[in-house]
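These are the residues of each chain, in order.
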Amino acid sequence: MSDSTDKGFSELSDSSFLIQLAYPAIQELGLDVERIVSECKISPKLLKDRSARFPHAAQVQFWRVLEEVSGDKSIGLHLANHVPVYRGQVLEYLFLSSPSFGDGLRRAENYQRLVTDAMQFKLHVEGDEARVVLDFIGDSEAELRHRDECFVRFMQRYFEALTDGAFQTREINLGHPLQGDVAEYEKHFNCPVHFDAKEQSLVFAADILATPSSHAEPDLLKLHEKVASKQLERLSRQDVVGDVKQVIAEMLELGQPSLESVAERLGMNERVLRSRLTEAGTSFNQVLADYRCILAKRLLSRTDESIADVVYLTGFSEPSTFYRAFKRWTGLTPIEYRQQKQQ
């Protein structure tokens, strides 16, 4: 399993590309888009900015709301049937410009984190049979069976489109129990579907891997791989910001964390940490201020902690310093902010 899935569930993130795929499908199904956007707190940025990320844990609420709004116990499966197959994402171009379907699939394995931290797919070939195995994290959440079904069905449709219909699944394996009628699943997947399986996978004939790409272009392939590599590097640089925030959270109650103390906890040279934060477009002081601001606002709006306790929990030594910082962050005093949120 990759480093990305070694993270805790709450630290994983998804590309906004997933929301941008799902949004037109939600509209096409005639669901209450405004309610879904509101209850799932989907920001305009997530609908427009392809470089944005959102916490993967938010998918639990997303699928819960979709099931409630639609009344559909198989909303993931049905939503996938309406998701646009092509939306101009770099992984699509890698597939299309590769010499063959199998070559594109193996190449995409290296860049799948651009879509999500929470799923890894791996190609296995044994004799005349091939399997794309999907390893999801967070399957303990019941609502995430919709996520799994949506991913598997979308990948099936996507592979069919990439190969101009040559891709045909022999069977589909899903790791969760059956909900509803198996005939409904077999109608959409057009093959046998197994539940409570030891792996989630799409099984197909190995010779499909040799299917040539009608859009193969060696020069464009090099360009697309270069772009994908740069995007992956940017994500890696952002990882250090998350690591710093985690250490700050652990150290904050003991006082104000410093660059030196955080670098030591991370087993990193102080200058190296400063440099990596600069590469990520931020600084230690900015990460610390952002974290304190978010924590303070959360404590003031969602708890009954006294202001004195909020000062302590955010690592400030003096209330006056906290008040000045909070006014600079929000334009409001802590009391005004709490009253506004309560109203």
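Residues numbered from 1 in each chain as written. Predicted model: local features only at pLDDT ≥ 70, side-chain atom pairs only at ≥ 80, totals over all residues. Heavy atoms only, no water.

1. Some remarks on the overall build of the chain
Counting its secondary structure elements, the chain contains 16 helices and seven strands. Each of the three principal axes of the chain carries a C-alpha extent, and together these read 70 × 45 × 35 Å. Counting only residues that meet the buried cut, the chain has 48% of its 343 residues in that class. A fraction of 68% describes how many contacts in the chain between residues 6 or more apart in sequence connect residues 24 or more apart. Each charge sign in the chain was given a centre, from 41 positive and 52 negative side chains, and these centres are 7 Å apart. (Helix = DSSP H or I, 4+ residues; strand = E, 2+ residues; numbered from the N terminus. Buried < 20%, exposed > 50% of the residue type's maximum accessible area, 1.4 Å probe, protein only. Contact = heavy atoms within 4.5 Å. Lys, Arg positive; Asp, Glu negative; His and termini not counted. Charge placed at Lys NZ, Arg CZ, Asp CG, Glu CD.)

2. Concerning the pairing of strand S7 (residues 200-205)
Most of S7 sits out of view: six of its six residues are buried. For strand S4 (residues 129-136) and S7, the ladder comprises six bridges, and the chain directions are antiparallel. Its bridge partner being in S7, valine 133 is matched across the sheet by serine 201. Where strand S5 (residues 169-173) meets S7, four bridges bridge the pair, whose relative direction is antiparallel. (Pairing = 2+ DSSP bridges.)

3. Topic: the side chain of threonine 169
Residue position: threonine 169 is located in strand S5. Given a relative accessible area of 11%, threonine 169 falls into the buried group. At a separation of 2.7 Å, a polar atom in the side chain of threonine 169 contacts the side chain of glutamine 156. Those residues in contact with threonine 169 that lie beyond four places of it in its chain are Gln156, Phe189, Cys191, Leu202, Val203 and Phe204. (Polar contact = N/O pair within 3.5 Å; in protein donor to acceptor, adjacent residues only side chain to side chain.)

4. Regarding the packing of helix H6 (residues 90-97) against helix H10 (residues 218-251)
Between H6 and H10, whose axes approach to 9 Å, the crossing angle comes to 150°. As the angle between them shows, H6 and H10 are arranged roughly antiparallel. The way H6 lies across H10 gives a crossing that is left-handed. Side by side, H6 and H10 meet where Val90, Tyr93, Leu94 and Ser97 of the first sit next to Leu220, Leu221, His224, Glu225, Val227, Ala228 and Gln231 of the second. Partitioning the contact of H6 with H10 into residue classes produces seven nonpolar, three polar and one charged. (Axes fitted to C-alpha atoms, helices over the stretch in contact; angles between N-to-C directions. Parallel < 35°, antiparallel > 145°, perpendicular 65-115°, else oblique. Left-handed = near helix turned anticlockwise from the far one by under 90°. Nonpolar A, V, L, I, M, F, W, Y, C, P; charged D, E, K, R; others polar.)

5. Examining the pairing of strand S3 (residues 119-126)
In terms of strand pairing, S3 meets S4 through eight bridges, oriented antiparallel. Within S4, the position partnered with leucine 123 by the bridge is valine 132. Remark: two residues form the turn of the hairpin made by S3 and S4, two consecutive strands paired antiparallel; glycine 127 in that turn has positive phi of roughly 65°.

6. Section: the sheet that holds S3
Strand order in the open sheet formed by five strands is S3-S4-S7-S5-S6, and the pairing between neighbours is mixed. Strands at the two margins of the open sheet, each flanked by one partner only, are S3 and strand S6 (193-194). Across the sheet, helix H7 (residues 101-109) touches S3, S4 and S7, and the angle it forms with S3 is around 140°.

7. Digging into the environment of leucine 220
Within the secondary structure layout, leucine 220 lies in helix H10. Considered as a pair, leucine 220 and glutamate 160 are 60 residues apart in the sequence and their alpha carbons are 22 Å apart.

8. Observations concerning the nonpolar core
Phe101, Val132, Leu134 and Phe159 are the most contacted members of the largest nonpolar core, which has 71 residues in total. The element contributing the most residues to this core is helix H8 (residues 144-162), with nine residues. Setting aside residues no more than four positions away along its own chain, phenylalanine 159 makes contact with Phe95, Phe101, Leu105, Val132 and Phe167. Residues Ala296, Leu299, Ile307 and Val311 belong to the second largest nonpolar core, which totals 30 residues. (Core = buried A, V, L, I, M, F, W, Y, C linked by side-chain atoms within 4.5 Å.)

9. Structural notes on the packing of aromatic side chains
Throughout the structure, instances matching the rule amount to 19 aromatic pairs. Here the aromatic cluster, defined as three or more aromatic residues joined through ring pairs, consists of Phe95, Phe101, Phe154, Tyr158, Phe159, Phe167 and Phe204. Across from the ring centre of phenylalanine 316, 4.0 Å away, lies the NZ or CZ of arginine 292, which sits over that ring. (Phe/Tyr/Trp six-rings, centres within 6.5 Å; stacked < 30°, edge-to-face > 60°. Lys NZ or Arg CZ within 6 Å of the ring centre and 35° of its normal.)

10. Structural notes on the confidence of the model for the chain
Across the chain, the average pLDDT comes to 89, with 96% of residues at or above 70. In the predicted structure, residues 1-6 sits below a pLDDT of 50 and forms twelve contacts with residues beyond four places in sequence or in another chain. (pLDDT = per-residue confidence, 0-100.)

11. Quick notes on the packing of helix H15 (residues 319-330) against helix H16 (residues 334-342)
Remark: H15 packs on H16, axes separated minimally by 9 Å, with the N-to-C direction vectors making an angle of 55°. Of the possible angle classes, the one that applies to H15 and H16 is oblique. When H15 is examined against H16, the residues Phe322, Tyr323 and Phe326 are found in contact with a partner set consisting of Pro334, Ile335 and Tyr337. Considering only residue class, the contact of H15 with H16 consists of six nonpolar, no polar and no charged.

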